[in-house]
Amino acid sequence: MQELSSTEEFENRIGEIKNEIAKLGEIRTGSLTEQYNVCGKSSCKCKDPDNPQKHGPYYKLSYTRYRKSTSEFVRREDVDQLRQQLKDYKTFMSLKDEWIDRSIQLAKLRKASR
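(A) Looking closely at the overall build of the protein. Within the protein, the regular secondary structure consists of 2 helices and 3 strands. Along the protein, helices and strands appear, N-terminal first, in the series α-β-β-β-α. For 114 residues, the compact-globule estimate of 2.2 N^0.38 gives 13 Å, and the protein exceeds it by more than 25% at 23 Å. Over its C-alpha atoms, taken along the principal directions, the protein stretches across nearly 80 × 25 × 25 Å. The proportion of buried residues among the 114 residues of the protein is 18%. The long-range fraction of contacts in the protein, counting pairs at least 24 apart against all pairs at least 6 apart in sequence, stands at 60%.

(B) The packing of helix α1 (residues 7-22) against helix α2 (residues 79-112), seen in detail. Look at α1 against α2: their axes get within 10 Å of each other, and the N-to-C directions meet at 160 degrees. One element, α1, and the other, α2, form an angle in the roughly antiparallel class. Crossing handedness for the pair α1 and α2: left-handed. Two secondary-structure elements touch here, α1 through Thr7, Phe10, Glu11, Arg13, Ile14, Ile17, Lys18, Glu20 and Ile21 and α2 through Phe92, Leu95, Lys96, Glu98, Trp99, Arg102, Ser103, Gln105, Leu106, Leu109 and Arg110.

(C) Region of interest: the pairing of strand β3 (residues 68-74). Across 7 bridges, strand β2 (residues 55-65) lies against β3 in antiparallel orientation. Residue Arg65 lies in a different strand from β3, and its bridge partner there is Lys68. Between β2 and the antiparallel strand that follows it, β3, lie 2 residues; Tyr66 among them carries a positive phi value of about 55 degrees.

(D) Local environment of the nonpolar core. Core analysis: the largest hydrophobic core is formed by 6 residues, namely Tyr59, Leu61, Val74, Val79, Leu82 and Leu86. For this core, the elements supplying multiple residues, two or more each, are β2 and α2. A per-element tally of this core places α2 first, with 3 residues. Not counting chain neighbours up to four residues away, the residues in contact with Leu82 comprise Arg28, Leu32, Leu61 and Val74.

(E) View of α2. With 34 residues, α2 extends 50 Å from end C-alpha to end C-alpha; this agrees with the ideal 50 Å at 1.5 Å per step. Residues of α2 that are buried: Val79, Leu82, Gln85, Leu86, Asp88, Leu95, Glu98, Arg102 and Leu106. Its buried side turned inward, α2 meets α1, β1 (31-37), β2 and β3.

(F) Geometry of the packing of aromatic side chains. Under the criterion given, the structure shown has 0 aromatic pairs. Cation over ring: Arg65 sits above Tyr66, and NZ or CZ is 4.7 Å from the ring centre.

(G) A look at the sheet that holds β1. What the 3 strands build is an open sheet, ordered β1-β2-β3; its pairing is antiparallel. The sheet terminates laterally at β1 and β3, the two strands that pair on one side only. Neighbour to neighbour, the strand axes of the sheet diverge by 30 degrees on average, direction disregarded.

Criteria and thresholds
- Residues numbered from 1 in each chain as written.
- Predicted model: local features only at pLDDT ≥ 70, side-chain atom pairs only at ≥ 80, totals over all residues.
- Heavy atoms only, no water.
- Helix = DSSP H or I, 4+ residues; strand = E, 2+ residues; numbered from the N terminus.
- Rg over C-alpha atoms; globule rule 2.2 N^0.38 Å.
- Buried < 20%, exposed > 50% of the residue type's maximum accessible area, 1.4 Å probe, protein only.
- Contact = heavy atoms within 4.5 Å.
- Axes fitted to C-alpha atoms, helices over the stretch in contact; angles between N-to-C directions.
- Parallel < 35°, antiparallel > 145°, perpendicular 65-115°, else oblique.
- Left-handed = near helix turned anticlockwise from the far one by under 90°.
- Pairing = 2+ DSSP bridges.
- Core = buried A, V, L, I, M, F, W, Y, C linked by side-chain atoms within 4.5 Å.
- Expected span 1.5 Å × (residues − 1).
- Phe/Tyr/Trp six-rings, centres within 6.5 Å; stacked < 30°, edge-to-face > 60°.
- Lys NZ or Arg CZ within 6 Å of the ring centre and 35° of its normal.

Right, dumping it as structure tokens:
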């Protein structure tokens, strides 16, 4: 984060942050995991003692919202879109934190200039 010195620089950066947030797409929080499973069939390739080949990958999204933990499976065709949503969420959170920090610094600068 670059150092800003004037109220105009802070105001401009806050405006840029707002524009960057407005350009974000859908956002999702959580973590995406890739899982491989073993089935119950004794003759399946996943049970081969020499070369077991598990089933998968299966994708699972886990997140907590309003103090409730949730996990859901994600279809393979939706994984790329979900990854973008998770990336956009991280970008949003970073921009939000910078917006708050800049706003605090701007308030202190205004107070000091009175």
